[in-house]
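Listed below are the residues making up each chain.
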Amino acid sequence: MKIAVISDLHLGACSAVDQFRHGEEAFLRFLDRLERRFDRIVLNGDVYQTDHGRRPGSQAEELHGARERYRRLVERFDRGPYLYIAGNHDHVAVAELGAPEVVDMEADGLRLHFTHGHLHDPFLQRHPRYGQFASWLAGWVERMGLRPLAEVLEWFDGYKHTPSPSDSPRGALVRAALARLDARISDVVVMGHTHRGTVLRTPAGHYLNSGTCSRSRLSWLEIDTAARRFLHRFEER
Ligand SMILES: [Mn+2]
């Protein structure tokens, strides 16, 4: 099976909180390319930015607003080859759309585990409410046009900076994935969340990260389960 993975689009309900920054038409053409080449396209979380609403607790409203704003993308995402998994910024999709947070599949004898990554982020696990509040605050700051400050606040999402690789959230995601591979629970672990595209091969299997399609970037994984081929691809516009 041929599987493409994208994540972290951060589609927002209005331009002030929308971190996607692709023209809808151009992104549809990118999806056309993926649909021609892949049997499945996994949307591995943070597809929507729902926690930057004007007031905290408006995530459901923001989710439906973002889906309305990008109606043509969403029509695609609701179709056959797409498999949507919720992340931390669109966690409300679990309740609103019945989205899963984890998907396991087997193809050509390969056991693949897909999850956005926030479940392994030590900061979000320790301070779930603080993480959400910081993200909401960052949304407000960005709305006021203070983007550099917003980016500092986004640090509290727990993934943008890596003071030391071993104790960073990024490191924690890799460790969680490697533990799963070493325990022979999965052969391939696929995450997003860190915004860093990664292909890491170990004797026990592969850890892959799809990076981000936000802020005009195109980043995706190409998995060929029969050929055991794993690639990270990146384009900046
Ligand atoms: Mn995330």
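As a reminder, the structure under discussion sits directly above these lines.
Residues numbered from 1 in each chain as written. Predicted model: local features only at pLDDT ≥ 70, side-chain atom pairs only at ≥ 80, totals over all residues. Heavy atoms only, no water.

### A closer look at the sheet that holds strand E2 (residues 40-44)
Basically, it comes down to this: Strand pairing is assigned whenever DSSP detects at least two bridges linking the two strands. Secondary structure counts use DSSP, requiring at least four H or I residues in a row for a helix and at least two E residues in a row for a strand, with both numbered from the N terminus. The axes used here are C-alpha line fits, helices contributing only the stretch in contact, and every angle between their N-to-C directions lies in the interval 0 to 180 degrees.
Pairing is mixed across the open sheet formed by 5 strands, whose spatial order is E3-E2-E1-E9-E10. Each of the sheet's edge strands pairs with one partner strand only, and the pair in question is strand E3 (82-85) and strand E10 (229-236). Sheet twist, expressed as the mean angle between neighbouring strand axes with direction ignored, is 20 degrees. Taken together, the 8 bridges between strand E9 (residues 217-224) and E10 define a ladder with antiparallel strand orientation. Looking across to E10, one finds that Glu222 is bridged to Leu231.

### Some words on the coordination of the manganese ion
By definition of the ideal shapes, four donors in a tetrahedron about a metal sit 109.5 degrees apart, and six donors in an octahedron sit 90 or 180 degrees apart. For the record, the criterion: For Na, K and Ca the donor cut-off is 3.2 Å, while for other metals it is 2.8 Å, and in both cases only N, O and S atoms qualify; water is not among them, so sites may look incomplete. Each residue gets one of three labels from its accessible area relative to the maximum for its type: buried under 20%, exposed over 50%, partly exposed in between, using a 1.4 Å probe on protein chains only.
Here the manganese ion is held by the protein donor atoms Asp46 (OD), Asn88 (OD1), His116 (NE2) and His193 (ND1), which lie 2.1 to 2.3 Å from it. Binding-site remark: the manganese ion is held by donors from one chain whose sequence spacing is D-x41-N-x27-H-x76-H. Taken as a pair, Asp46 in the loop between E2 and helix H2 (59-69) and His193 in the loop between strand E6 (188-191) and strand E7 (197-202) lie far apart in primary sequence, 147 residues in all. With relative accessibility at 0%, the residue Asp46 sits in the buried group.

### Focus on the nonpolar core
We apply this condition: Nonpolar cores are built from buried Ala, Val, Leu, Ile, Met, Phe, Trp, Tyr and Cys residues. Side-chain atoms within 4.5 Å join them into one set.
One finds Ile6, Phe27 and Phe77 to be the most contacted residues of the largest nonpolar core, which totals 30 residues. Elements represented by at least two residues in this core include exactly strand E1 (2-6), helix H1 (24-37), E2, H2, helix H3 (71-77), E3, helix H4 (92-97) and E9. Looking at which element gives the most residues to this core, the answer is H1, with 5 residues. Listed in part, the 17 residues of the second largest apolar core include Met105, Leu110, Leu112 and Val190.

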